[in-house]
Amino acid sequence: AQSVTQLGSHVSVSEGALVLLRCNYSSSVPPYLFWYVQYPNQGLQLLLKYTSAATLVKGINGFEAEFKKSETSFHLTKPSAHMSDAAEYFCAVSEEAAGNKLTFGGGTRVLVKP
Amino acid sequence: DVKVTQSSRYLVKRTGEKVFLECVQDMDHENMFWYRQDPGLGLRLIYFSYDVKMKEKGDIPEGYSVSREKKERFSLILESASTNQTSMYLCASSPPTWTNTEAFFGQGTRLTVV
């Protein structure tokens, strides 16, 4: 069965500082991995995805994530935080063998301090 | 612009009422999903559907049922609403494979059961 663990339910960063959100997954087959962002009172928007091509994935708004099979991790980073990055971020895993169901982590809420 | 539309942003219902949450997508996607979102728990899958009239239980189906009579519409039904079903409900749709796309989410319905 697939599962996702996000370390830290809340992260506080200063504007201009590095954003690092951690995600570890469990999957019995090579997975598809996603990061979604949710702004207040909105649905989820895709930031980036890994689908077995390049292990370093670049997404929107300056975010990127690296797939590390040996560590079963897919951490999300952004070199310089902006106030508009304040949101909740979700890591998700999917296996085609599991019918393409998305399994989500618990989410990490990011606060950006001026 | 692709779109997943949920019929209500906010709903207040009484305990014991039958509640219908409607979701429509305009992308001709085969897969549709219903999730509930609770703080600290992320998104949990209630039901999903691969095709018209097909449905499968997700991780937390108890107290819910679904209906998919047309490809574009996926309804979530709370047979007898209870206070522990107060939550944010998110609908999503996707094509059959993840290779070149992702799941698209609606804006969510915040349901309060009193």
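Procedures and definitions
Residues numbered from 1 in each chain as written. Chains lettered and ligands numbered in written order. Predicted model: local features only at pLDDT ≥ 70, side-chain atom pairs only at ≥ 80, totals over all residues. Heavy atoms only, no water. Pairing = 2+ DSSP bridges. Helix = DSSP H or I, 4+ residues; strand = E, 2+ residues; numbered from the N terminus. Axes fitted to C-alpha atoms, helices over the stretch in contact; angles between N-to-C directions. Disulfide = S-S within 2.5 Å. Buried < 20%, exposed > 50% of the residue type's maximum accessible area, 1.4 Å probe, protein only. pLDDT = per-residue confidence, 0-100. Contact = heavy atoms within 4.5 Å. Polar contact = N/O pair within 3.5 Å; in protein donor to acceptor, adjacent residues only side chain to side chain. Salt bridge = Lys/Arg side-chain N within 4 Å of Asp/Glu carboxyl O. Nonpolar A, V, L, I, M, F, W, Y, C, P; charged D, E, K, R; others polar. Phe/Tyr/Trp six-rings, centres within 6.5 Å; stacked < 30°, edge-to-face > 60°.

Re the sheet that holds strand β1 (residues 3–7) of chain A
Residues and elements named next belong to chain A.
At step 1: Within the open sheet, the five strands sit side by side as β1-β3-β8-β7-β6. Their pairing is antiparallel. Only two strands of the sheet have a single partner each, and these edge strands are β1 and β6 (56–58). For this sheet, the mean inter-axis angle between neighbouring strands, taken without regard to orientation, is 20°.
At step 2: The sheet contact formed by β6 and strand β7 (residues 64–68) spans three bridges and is antiparallel. Along β7, the bridge assignment pairs Val57 with Ala65.

Here we look at the state of the cysteines
At step 1: Under the criterion given, the structure shown has two disulfides over all chains.
At step 2: Between the sulfur atoms of Cys23(A) and its disulfide partner Cys91(A) the distance amounts to 2.0 Å. As the torsion about the S-S bond is roughly -65°, the Cys23(A)-Cys91(A) disulfide counts as left-handed. Residue Cys23(A) is found in strand β3 (residues 19–26), and its partner Cys91(A) is found in strand β9 (residues 87–94); the two are separated by 68 residues along the sequence. Pair check on accessibility: Cys23(A) and Cys91(A) agree, each one buried.
At step 3: Disulfide partner of Cys23(B): Cys91(B), at an S-S distance of 1.9 Å. Here Cys23(B) and Cys91(B) share a disulfide; its torsion about the S-S bond, -75°, makes the bridge left-handed. Note that Cys23(B) is positioned in strand β3 (residues 19–25) and Cys91(B) in strand β9 (residues 87–94), a separation of 68 residues in sequence. The exposure classification of Cys23(B) matches that of Cys91(B), with both residues buried.

Let's talk about the confidence of the model for chain A
At step 1: Here chain A averages 91 in pLDDT, and 96% of its residues register 70 or above.
At step 2: Within chain A, strand β10 (residues 102–104) of chain A has the poorest average pLDDT of any element, 89, and strand β8 (residues 73–78) of chain A the best, 97.

Concerning the environment of Glu22(B)
All names here are of chain B.
At step 1: Relative to the helices and strands, Glu22 resides in strand β3.
At step 2: If sequence neighbours within four positions are ignored, Glu22 has contacts with Thr5, Gln6, Ser7, Trp34, Arg73, Phe74 and Ser75.
At step 3: Only 2.5 Å separates the side chain of Glu22 from the side chain of Ser75, close enough to count as a polar contact.

Some remarks on the interface of chain A and chain B
At step 1: Taken together, the contacts link 23 residues of chain A with 25 residues of chain B.
At step 2: At the junction of chain A and chain B, the tally comes to zero salt bridges.
At step 3: For the pair chain A and chain B, the interface holds six residue pairs in polar contact (both at pLDDT 80 or more).
At step 4: Elements that contribute at least two residues to the side of chain A that touches chain B include exactly β4 (32–38), β5 (44–50), β9 and β10 of chain A.
At step 5: Of all the elements, β4(A) adds the most residues to the side of chain A that touches chain B, at four residues.
At step 6: Classifying every residue of the side of chain A that touches chain B by side-chain character gives nine nonpolar, 10 polar and four charged.

Quick notes on the pattern of salt bridges
At step 1: Scanning all chains against the criterion turns up nine salt bridges over all chains.
At step 2: What emerges from the salt-bridge pattern is a single network uniting Asp28(B), Glu30(B) and Lys71(B).

A short note on the packing of aromatic side chains
The way to describe two aromatic rings as a pair is by their centre distance and the angle between their planes.
At step 1: Tallying each qualifying case throughout the model produces 15 aromatic pairs over all chains.
At step 2: A ring pair is formed by Phe63(A) and Tyr89(A), whose centres lie 5.5 Å apart and whose planes are at 45°; its orientation type is tilted. Residue Phe63(A) is located in the loop between β6 and β7, and its partner Tyr89(A) is located in strand β9; the two are separated by 26 residues in the primary sequence.
At step 3: Since its relative accessible area comes to 1%, Tyr89(A) is described here as buried.
At step 4: Taking 6.2 Å as the distance between ring centres and 25° as the angle between the ring planes, the aromatic pair formed by Phe33(B) and Phe48(B) counts as stacked. Taken together, the positions of Phe33(B) in strand β4 (residues 31–38) and Phe48(B) in strand β5 (residues 42–49) put the pair 15 residues apart, joining distant regions of the chain.

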